[in-house]
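Survey of secondary and tertiary structure
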Amino acid sequence: MTAEPEIVVPMSKAAVKRIDAEAPAPVPQGDAFAALFERLARDPSIDPARIQQFLVMKREEEDRQAQRAYNAAMAAAQAELIPVGRNQRNKQTNSNYADLAAIAADALPIINRHGFGISCSEFRSDRENHLGVACDVTHAGGCGRHYEFHIPIDGTGMKGNPN
């Protein structure tokens, strides 16, 4: 430990007391909240409704921080994403396209490096002749978004032949 400067504090006109000054260690935000919450909870003069309001305010601030982290990470990930090479041929339309495996191989490492996770599932669409696809995008910072897509079921090709 390094020597800290001494602070001289006059106690009276006749006496002087020497105190070694030492800066308090910074308290992590979570610990500071826990300590404050514990003090509030033990104080019988504090209305429980006030404590509840305090907890709501803390959750709202945590949500705002998680949203900011999500947005910053999404912008950074999108800046790195580039078009995926078209590795398959569609003989009906005489065009090339990137299949899902190629898209995943190129995009998922970037997406994961920025703290995102993706989970997809199927659901029953309320639209006739549609398939429901749900996608949850979560971020390591605690924020997540839920997306739903209603995809038309296409049972025939360009010439009317069944797919």
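Before reading on, note that the structure itself is shown above.
Residues numbered from 1 in each chain as written. Predicted model: local features only at pLDDT ≥ 70, side-chain atom pairs only at ≥ 80, totals over all residues. Heavy atoms only, no water.

Remarks on the sheet that holds strand S6 (residues 130-139)
Strand pairing within a sheet occurs via backbone hydrogen bonds; the two strands may be parallel or antiparallel. In space, the three strands of this open sheet follow the order S5-S6-S7, with antiparallel pairing throughout. With one partner strand each, in any of the chains shown, strand S5 (116-123) and strand S7 (144-152) form the two edges of the open sheet. Strand-to-strand twist in this sheet, taken as the mean axis angle between neighbours without regard to direction, amounts to 20°. By the bridge criterion, eight bridges tie S5 to S6 in an arrangement that is antiparallel. Within S6, the position partnered with Cys120 by the bridge is Cys135. Where helix H2 (residues 48-80) meets the sheet, it contacts S5, S6 and S7, and its direction lies at approximately 55° from that of S7. (Pairing = 2+ DSSP bridges. Helix = DSSP H or I, 4+ residues; strand = E, 2+ residues; numbered from the N terminus. Axes fitted to C-alpha atoms, helices over the stretch in contact; angles between N-to-C directions. Contact = heavy atoms within 4.5 Å.)

What about helix H3 (residues 100-113)?
Across its 14 residues, H3 extends 19 Å between first and last C-alpha, which sits within 8% of the 20 Å expected from 1.5 Å per residue. Along its length, H3 reaches its greatest deviation from straightness, about 35°, at Ala107, and the proline Pro109 lies no more than four positions downstream. Where H3 is buried, its residues meet H2 and S5. With its phi angle positive at about 90°, Gly115 sits one or two positions after the end of H3. (Expected span 1.5 Å × (residues − 1). Bend = angle between axes of the 7 residues up to and from the residue.)

A short note on the side chain of His139
Tracing the sequence through the fold places His139 in strand S6. A polar contact is formed between the side chain of His139 and the backbone oxygen of His114, at a distance of 3.1 Å. A polar contact of 2.9 Å, which involves the side chain of His139, links it to the backbone nitrogen of Gly141. (Polar contact = N/O pair within 3.5 Å; in protein donor to acceptor, adjacent residues only side chain to side chain.)

As for the nonpolar core
One finds Ala66, Tyr70, Ala73, Ala77, Ala107, Ile110, Ile111, Phe116, Cys135, Val137 and Cys143 forming the largest nonpolar core, which totals 11 residues. Looking at this core, the elements that each hand over two or more residues are H2, H3 and S6. Of all the elements, H2 adds the most residues to this core, at four residues. Ignoring sequence-local partners within four residues, the contact set of Ile110 consists of Ala77, Glu80 and Leu81. (Core = buried A, V, L, I, M, F, W, Y, C linked by side-chain atoms within 4.5 Å. Buried < 20%, exposed > 50% of the residue type's maximum accessible area, 1.4 Å probe, protein only.)

Looking at the layout of surface pockets
Considered as a void within the structure, the largest pocket measures approximately 280 Å³ in volume. Of the residues forming the lining of the largest pocket, the biggest block, eight residues, is contributed by H3. Here the lining of the largest pocket is composed, by residue class, of 11 nonpolar, no polar and one charged. (1 Å grid on protein atoms, 1.4 Å probe; cavity = no way out; pocket = protein on both sides within 12 Å on 5 of 7 lines; lining within 4 Å. Points joined across faces, edges and corners; volume = space filled by probe spheres on them. Nonpolar A, V, L, I, M, F, W, Y, C, P; charged D, E, K, R; others polar.)

Brief notes about a nonpolar patch on the surface
Taken together, Leu131, Tyr147, Phe149, Ile151 and Ile153 make up a surface patch of nonpolar side chains, about 440 Å² in accessible area. Broken down by element, the nonpolar patch gets its largest block of residues, three residues, from S7. Looking at the element boundaries, Ile153 is found in the segment after S7. The class of Ile153 is exposed, set by a relative accessible area of 56%. (Patch = residues over 30% accessible without salt bridge, like charges linked within 9 Å, V, L, I, M, F, W, Y side chains within 5 Å. Areas by Shrake-Rupley, 256 points an atom, 1.4 Å probe, with all protein chains shown as cover. Salt bridge = Lys/Arg side-chain N within 4 Å of Asp/Glu carboxyl O.)

Some points on the pairing of S7
Note that S6 and S7 share nine bridges and pair antiparallel. If you follow Cys135 over to S7, its bridge partner there is Tyr147. Between S6 and S7, which follow one another and run antiparallel, lie four residues, and Gly142 among them has a positive phi close to 105°.

Digging into unusual backbone geometry
One non-glycine residue with positive phi stands out, namely Asn94, at about 55°. Tracing the chain through its elements places Asn94 in the loop between strand S3 (88-90) and strand S4 (95-97). Asn94 gets classed as exposed once you look at its relative accessible area, which sits at 57%. Of note in this structure, Asn129 is not a glycine but carries a positive phi near 60°. Mapping Asn129 onto the fold places it in the loop between S5 and S6. The class of Asn129 is exposed, set by a relative accessible area of 54%.

Purely geometric numbers; function is a separate question.
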